[in-house]
Amino acid sequence: MNAVPKIIAITGASSGIGEASARLLAQSGATVFLGARRVERLERIVADIRAAGGNAYAAALDVTSRESMNAFIAQAVQRAGRIDVLVNNAGIMLLGPLDETGPDEWDRMVDVNIKGVLHGIGAVLPVMRAQGRGHVVNIASIAGHRVRAGATVYCATKHAVRALSEGFRQEAGPFLRSTLISPGVVQTELPEHITHAQWASDSKTAYEIAIGADVIARAIAYAIEQPEEVDVNEIVIRPTAQSS
């Protein structure tokens, strides 16, 4: 991390990439604010971080709610006085053919994967503009670089995250940084959300080569720790054995 410890807010921090990032960044000296719906899990992670000498705080967060996101960021700013980095990590992956899934699952992915990112940006942008500095890290997927049958809506949401990240970079000005992280298969809870029986089974096989969430956490840390005049715009990271 840079010489001045960062104040970092992380969404979807109760497991997977969010949890791994919180632990690693706190170990590196950052103060981390963890947001998710599963507050009990957040509190256990915070307790671990504090026991190891780190600074961490937990708050209930529903990224699909603009009010919830605004309150989460406001709490962090009130406690720390500023916010240096937002890691928009919360996401959901519900796979299956269009005619075998349906609007409820499509809405959930749009609400979490797209609106959740927008709510995060909307909450931190005024704060970061007032500070004259800040960094938004969006977690997308290799699904944002290609389209695969059976993952149509999920791919569409992750393509949208890429567009939002680049648009934010262009609009934010010379003092705010934008990073997009696009992981391949990673050991997270994402496959557990899939309700389509065949795709749930296929995903278990595909995830046999999954890399650890800590690998993605290190990529996030790398982007954050660069000098302020350096903006790492995009990182694609996948298992060596993953062909696509």
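Residues numbered from 1 in each chain as written. Predicted model: local features only at pLDDT ≥ 70, side-chain atom pairs only at ≥ 80, totals over all residues. Heavy atoms only, no water.

Trainee: When you look at the overall build of the chain in this model, what are you seeing that I'm missing?
Mentor: Secondary structure assignment for the chain yields 7 helices and 7 strands. When the helices and strands of the chain are listed from N to C terminus, the series reads β-α-β-α-β-α-β-α-β-α-β-α-α-β. The globule rule puts the C-alpha radius of gyration for 244 residues at 18 Å, and the 17 Å found for the chain is close to it. Seen through its principal axes, the chain has C-alpha atoms that stretch 50 × 40 × 35 Å. Buried residues in the chain amount to 51% of all 244 residues. Taking contacts inside the chain between residues at least 6 apart in sequence as the whole, the part at least 24 apart equals 72%. As displayed, the chain has an accessible area near 11,100 Å², and 51% of this comes from carbon and sulfur atoms. Charge centroids of the chain, computed over 23 positive and 25 negative side chains, lie 4 Å from each other. (Helix = DSSP H or I, 4+ residues; strand = E, 2+ residues; numbered from the N terminus. Rg over C-alpha atoms; globule rule 2.2 N^0.38 Å. Buried < 20%, exposed > 50% of the residue type's maximum accessible area, 1.4 Å probe, protein only. Contact = heavy atoms within 4.5 Å. Areas by Shrake-Rupley, 256 points an atom, 1.4 Å probe, with all protein chains shown as cover. Lys, Arg positive; Asp, Glu negative; His and termini not counted. Charge placed at Lys NZ, Arg CZ, Asp CG, Glu CD.)

Trainee: What is the right way to read the sheet that holds strand β2 (residues 31–36) from this model?
Mentor: Backbone-to-backbone hydrogen bonds pair the strands of a sheet. The strands run either parallel or antiparallel. Here we have 7 strands laid out as an open sheet, ordered β3-β2-β1-β4-β5-β6-β7, and parallel in their pairing. Looking at which strands have only one partner, the edges of the open sheet turn out to be β3 (55–60) and β7 (234–237). Pairs of neighbouring strands in the sheet enclose a mean axial angle of 15°, with direction left out of account. With 4 bridges connecting them, strand β4 (residues 85–88) and strand β5 (residues 134–139) associate as parallel partners. (Pairing = 2+ DSSP bridges. Axes fitted to C-alpha atoms, helices over the stretch in contact; angles between N-to-C directions.)

Trainee: What should I look at first to understand the side chain of S182 in this one?
Mentor: Relative to the helices and strands, S182 is located in strand β6 (residues 176–183). Look at S182 and you get buried, because its relative accessible area is 0%. Polar contacts involving the side chain of S182 include one to the side chain of H145, which spans 3.0 Å. (Polar contact = N/O pair within 3.5 Å; in protein donor to acceptor, adjacent residues only side chain to side chain.)

Trainee: Sorry, what's going on with the pattern of salt bridges here?
Mentor: Within this structure, the stated rule accounts for 10 salt bridges. Between R23 and E19 there is a salt bridge whose closest N-O contact spans 3.0 Å. In this pair, R23 and E19 are both assigned in helix α1 (residues 16–27), 4 residues apart and thus about one turn of the helix distant. Judged by relative accessible area, R23 falls into the partly exposed class, the value being 31%. Residues R162 and E234 are paired through a salt bridge, measuring 3.5 Å at the closest nitrogen-oxygen approach. Taken as a pair, R162 in helix α5 (residues 152–172) and E234 in strand β7 lie far apart in primary sequence, 72 residues in all. The structure contains a network of salt bridges with shared partners spanning K6, R82, D84, R133 and E228. (Salt bridge = Lys/Arg side-chain N within 4 Å of Asp/Glu carboxyl O.)

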